[in-house]
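An overview of the molecular structure
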Amino acid sequence: MAKRIDISGLSAYYSAFKAIDDISMTIEPGSVTAFIGPSGCGKSTFLRTLNRMHEVTPGGRVEGKVMLDDENLYGSGVDPVTVRRTVGMVFQRPNPFPTMSIYDNVAAGLKLNGIRKKSELDGIVERSLKGANLWNEVKDRLNKPGSGLSGGQQQRLCIARAIAVEPQVLLMDEPCSALDPISTLAIEDLIGELKTRFTIVIVTHNMQQAARVSDRTAFFNLSAVGQPGKLIEIDDTERIFSNPSVQATEDYISGRFG
Amino acid sequence: MSDTVMDARPASGTPASPRLASRHLPRWSPLAIAAGAIAVAAGIGAGAGLSSHIQWGLIALVLFVAGSYAITARVEGRRQAKDRVATSLVWSSFVLAVIPLYSLVETTISKGADVIDGTFLTHSMNNVLTIQPGGGVYHAIIGTLEQVGIATVIAAPLGMLTAIYLVEYGKGRLAKWVTFFVDVMTGIPSIVAGLFILSIWFVALGKAPASGFAGSLALALLMMPVVVRSTEEMLKLVPNELREASLALGVPKWRTTVKVVLPTAVGGITTGVMLAIARIAGESAPIALLVFGSAAINTDPFHDPQSSLPYYIYEQYNNGNQPSYDRAWGAALVLIAFVMVLNLIARFIARWKAPKAGR
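As annotated in an unreviewed UniProt entry, chain B carries the name Phosphate transport system permease protein PstA and comes from Actinacidiphila bryophytorum. The UniProt entry for chain B carries the following comment under Function (unreviewed entry): "Part of the binding-protein-dependent transport system for phosphate; probably responsible for the translocation of the substrate across the membrane." UniProt, in the comment section headed Subcellular location (unreviewed entry), describes chain B in these words: "Cell membrane".

As recorded in an unreviewed UniProt entry, chain A goes by Phosphate ABC transporter (ATP-binding protein) and comes from Actinacidiphila bryophytorum.

Here you go:
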């Protein structure tokens, strides 16, 4: 179910600007990997290359290989639409579809892909909402608009929407940066539960969060503004936060970063 | 650390902070200044023997703005005075803009309402002498509905698809050219659109058109750029995050456009289409060139001349006698009501389809 991701020699561009340079790493199946690093170092760009969302941005272009088990996401003949069904994504700001009810939001990925059987949908919606720890809060108002929920609930709704299509990998781009501590805690607990079923990659600016939720942590940095971002090191989270092998990582984590 | 208490008192030598409250004019003062300005203006106008009341009004306006600035500046200060001047300018511009609108509606209703009755709405001008009262606009209403309807069926889908292309897919040279030509088309005078269709008709069929359909083509030409522009603006308002959310679920781009982007923007798009319809419903020049007008009922838009409401107004006015003038006013009122109903429908749809935030 959960898949291994093997990235080798990956660079991403915005038109002529190189945003990330020659990144290689392995993301283990069924684990949580956190990406940390200063703003503008290309964490989010790198994350978006993992489900081919980077090329949606005008001028976006990728070089290199991303192997999902034994298939290259950027191989010839690979349909980005299929890739995105396999690798789901949760965004920084909660973005439920404003015209749809809570139920329709969760069912959106399935409905828009042509699954219309009510009984099947009912089951999946309930399972996904339970999976996102939102079922008890919304089960009595499934037909109300999703935009009427609180920010934390909306983000969990978006997670439910993402896991409803049964992806194998779940990418999260700073999923808690717009949420209060209680909602953040709810989502962190949720990540702990979800990692048994999905490979999870999470971008975060919150070092404590990376330490709490992730098994492995990757530190990204850039040498100067306008230079491409680079992967400095990736290691077990415990080791990164106690005894990193690169001085820059230690400086960043302990707040001595320039 | 914990036993350090911040000193809340200001350091000695800091000047006392200014009082927050200041002197204020009473709430009725703008009214009083306005009344004073009008009284003085009336005095000046009468004294100088100005006959035009518009001049009196303008003098009152200038006095009001100057007076409120002077008085407020004395009592409240310069910034508040500027605020008052800006406020009074905005209000007087609003009043100036509303006066013609009010006068237009009032004139049309007062002159047109008497003519409108069951007979007027259900009879044509067939076999009615123009110098006699009687007759009606039934044939013109049918003509307008059919011509505008066909034009909408042609222009609305084309315009919306063009806008979808421009916003969702278009990049590079083709999109730039399309945008340019849409801009050019927005400025085409209606008579030119009519002449264009007329020339095509002659080249293709070798005779004068004389059908409602030919008029519809010209109207569609006028309507399309308006639809493109308004739809484009509405699609641009749809947050990019929604498109990304949908794409990230593995939904193909065309389905994202149809199921996520369009429903989010449908209220605004509908309003835009309705406004475009309202714009072409009042066109008379292409109708005169291509549809010719008719006194009789013709429900077939593809053969033989038809009438339409704007053309009917023009025709009746040209007759030059009182019963015809009355009918022209009546038809004008019907046309205004038609456009008004369209606008109300558009507003209703926009509100009904708008993204909801309720719990």
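Now, onward.
Looking now at the overall build of chain A. Within chain A one finds 10 helices and 10 strands. A compact globule built from 258 residues should have a C-alpha radius of gyration of about 18 Å, and chain A, at 18 Å, falls within 12% of that. Taking the principal axes of the C-alpha coordinates as reference, chain A spans close to 55 × 45 × 30 Å. Classification of the 258 residues of chain A by burial places 53% in the buried group. Within chain A, counting contacts between residues at least 6 apart in sequence, those at least 24 apart form 67% of the total. Summed over its atoms, the accessible surface of chain A is roughly 10,600 Å², and 48% of this surface lies on carbon and sulfur atoms. For chain A, the distance from the average position of its 29 positive side-chain charges to the average position of its 30 negative side-chain charges is 6 Å.

What follows deals with the packing of aromatic side chains. Applying the stated criterion to the full structure yields 13 aromatic pairs over all chains. Relative to Trp352 of chain B, the ring of Phe348 of chain B lies with its centre 6.5 Å away and its plane at 15°, an arrangement referred to as stacked. Of this pair, Phe348 of chain B and Trp352 of chain B both sit in helix α13 (residues 322–353), 4 residues apart, which is roughly one turn of the helix. Assessed through its relative accessible area of 56%, Phe348 of chain B is described here as exposed. An aromatic cluster is built from Phe35, Phe46 and Phe220 of chain A, whose rings are joined through pairwise contacts. Positioned over the ring face of Tyr13 of chain A is Arg61 of chain A, at 4.3 Å from the centre of the ring. Across from the ring centre of Phe97 of chain A, 4.5 Å away, lies the NZ or CZ of Arg161 of chain A, which sits over that ring.

A few words on the nonpolar core. Membership of the largest hydrophobic core comes to 135 residues, with the highest contact counts inside it found for Ile7, Met25, Phe35, Phe46, Leu129, Ile159 and Leu170 of chain A. Among the elements that make up this core, the one with the highest residue count is helix α10 (residues 253–281) of chain B (11 residues). Look past the residues within four positions of Phe46 of chain A in its chain and what remains in contact with it is Ile7, Leu10, Ile20, Ile23, Met25, Phe35 and Phe220 of chain A.

So, on to the interface of chain A and chain B. In this complex, chain A contributes 32 residues to the contact, which on the side of chain B involves 21 residues. Where chain A abuts chain B, roughly 2,300 Å² becomes buried across the two surfaces, and 61% of that area is made up of carbon and sulfur atoms. Summed over the shared surface of chain A and chain B, the result is 2 salt bridges. Among the salt bridges present, the one from Arg48 of chain A reaches Glu244 of chain B, with a minimum N-O distance of 2.7 Å. If you look at where chain A meets chain B, you find 4 residue pairs in polar contact (both at pLDDT 80 or more). Elements with a minimum of two residues in the side of chain A that touches chain B: α2 (80–86), β6 (87–90), α3 (102–111) and α6 (151–164) of chain A. Of the residues contributing to the side of chain A that touches chain B, the split by class is 15 nonpolar, 8 polar and 9 charged.

Further remarks concern the domain arrangement of chain B. Residues and elements named next belong to chain B. With domains assigned, chain B is organised as domain 1 (4–9 + 20–112) and domain 2 (138–353). Centre-to-centre separation of domain 1 and domain 2, based on C-alpha positions: 41 Å. Across the contact, 6 residues belong to domain 1 and 5 residues belong to domain 2. Taken over both partners, the interface formed by domain 1 and domain 2 buries close to 490 Å², and the fraction arising from carbon and sulfur atoms is 84%. Its largest share of buried area at the contact with domain 2, domain 1 owes to Thr108, Lys111 and Gly112, together 75% of the area lost on that side. Scanning the region where domain 1 abuts domain 2 turns up 0 residue pairs in polar contact (both at pLDDT 80 or more).

Bringing the UniProt feature "domain: ABC transporter" (unreviewed entry) in chain A into the picture now. UniProt records the feature "domain: ABC transporter" (unreviewed entry) at residues 5–247 of chain A, using the numbering of this structure. Its end C-alpha atoms 27 Å apart, residues 5–247 of chain A is made of 35% helix and 27% strand.

Residue and element names in this part refer to chain B. As for its placement among the helices and strands, Glu232 is situated in helix α8 (residues 212–237). Since its relative accessible area comes to 5%, Glu232 is described here as buried. Not counting the four nearest positions on each side in its chain, Glu232 is found in contact with Ala163, Leu166 and Val167.

Here the UniProt feature "domain: ABC transmembrane type-1" (unreviewed entry) sits at residues 141–346 of chain B. Taken end to end, residues 141–346 of chain B comprises 80% helix and 0% strand; its first and last C-alpha atoms sit 20 Å apart.

This paragraph deals with the pattern of salt bridges. Should the charged atoms of two oppositely charged side chains come close, the side chains can pair. Scanning the model with the defined rule gives 22 salt bridges over all chains in all. A salt bridge links Glu137 of chain A to Arg156 of chain A; the shortest N-O distance between them is 2.9 Å. Taken together, the residues span a long stretch of sequence, with Glu137 of chain A in helix α5 (residues 135–138) and Arg156 of chain A in helix α6 at a distance of 19 residues. By relative accessible area, which is 8% here, Arg156 of chain A ends up buried. Within the structure, one salt-bridge network assembled from shared partners comprises Asp183, Arg229, Glu232 and Lys236 of chain B.

A word on a nonpolar patch on the surface. Residues and elements named next belong to chain B. On the surface, Trp91, Phe94, Val95, Leu96, Val98, Ile99 and Tyr102 cluster together into a nonpolar patch covering about 750 Å² of accessible area. Note on placement: Trp91 falls in helix α3 (residues 78–112). We classify Trp91 as exposed; its relative accessible area is 56%.

A few words on the packing of helix α9 (residues 240–248) of chain B against α10 of chain B. Residues and elements named next belong to chain B. The contact between α9 and α10 brings their axes to 10 Å, and the two run at 140°. Between α9 and α10, the interaxial angle falls into the category oblique. Our pair here, α9 against α10, has a crossing hand that is right-handed. Of α10, the residues touching α9 (which contributes Leu242, Arg243, Ser246 and Leu247) are Lys253, Thr256, Val260, Val261 and Thr264. Classifying every residue of the contact of α9 with α10 gives 4 nonpolar, 3 polar and 2 charged.

Parameters at a glance
- Going along each chain's sequence as written, the residues are numbered from 1 onward.
- Whichever chain is written first is A, and whichever ligand is written first is 1; the rest continue in order.
- In view of the model being predicted, local features appear only for residues whose pLDDT reaches at least 70, and side-chain atom pairs are presented and counted only at 80 or more, with totals across whole chains, interfaces and linings using the full set of residues.
- Heavy atoms from the whole structure form the basis of all side-chain values; hydrogens and water molecules are not counted.
- UniProt positions are given in the numbering used here, feature names are shortened, and annotations may be inferred rather than shown by experiment.
- For helices the rule is a DSSP run of H or I covering at least 4 residues; for strands it is a run of E covering at least 2, with both sets numbered from the N terminus onward.
- Each radius of gyration is computed over the set of C-alpha atoms, and the globule rule expresses the reference value as 2.2 Å times the number of residues to the power 0.38.
- The cut-offs for exposure are 20% and 50% of the maximum accessible area for each residue type, with area from a 1.4 Å probe on protein chains only; residues under the lower value are buried, those over the upper are exposed, and the others partly exposed.
- In this analysis, two residues are considered to be in contact whenever any of their non-hydrogen atoms come within 4.5 Å of each other.
- The protein chains shown are the only cover counted for residues, whose accessible areas, like all others here, come from Shrake-Rupley with a 1.4 Å probe.
- None of His or the chain ends enter the tally, which takes Lys and Arg as positive and Asp and Glu as negative.
- Taken as the charge centre is NZ of Lys, CZ of Arg, CG of Asp or CD of Glu, depending on the residue.
- Within 6.5 Å between ring centres, the rings of Phe, Tyr and Trp (the latter by its six-membered ring) count as paired, and their orientation is classed by plane angle as stacked under 30 degrees, edge-to-face over 60, tilted in between.
- Lysine and arginine charges are scored as sitting over a ring when NZ or CZ, respectively, is within 6 Å of the ring centre and within 35 degrees of the ring normal.
- Nonpolar cores are built from buried Ala, Val, Leu, Ile, Met, Phe, Trp, Tyr and Cys residues. Side-chain atoms within 4.5 Å join them into one set.
- Defined here as a combined quantity, buried area equals the accessible surface (1.4 Å probe) lost by two parts on assembly, summed across both.
- We count a salt bridge whenever a side-chain nitrogen from Lys or Arg sits within 4 Å of a carboxyl oxygen from Asp or Glu.
- Here a polar contact is taken to be a pair of N or O atoms separated by no more than 3.5 Å, where protein atoms must pair a possible hydrogen donor with a possible acceptor and residues adjacent in sequence count only if both atoms sit in side chains.
- Each residue gets one label: Ala, Val, Leu, Ile, Met, Phe, Trp, Tyr, Cys and Pro are nonpolar, Asp, Glu, Lys and Arg are charged, and the others, such as Gly, are polar.
- Bear in mind that the domain bounds are from an automatic or database domain assignment.
- Patch definition: residues above 30% relative accessible area lacking any salt bridge, with like charges linked at up to 9 Å and the nonpolar side chains Val, Leu, Ile, Met, Phe, Trp and Tyr linked at up to 5 Å.
- Throughout, an axis means a line fitted to C-alpha atoms (over the contacting stretch in the case of helices), and angles, computed between N-to-C directions, take values from 0 to 180 degrees.
- Comment on the angle field: the value is read as roughly parallel under 35 degrees, roughly antiparallel over 145, roughly perpendicular from 65 to 115, and oblique elsewhere.
- Here a crossing is called left-handed whenever its near helix is offset anticlockwise from the far helix by less than a right angle, and right-handed whenever the offset is clockwise.

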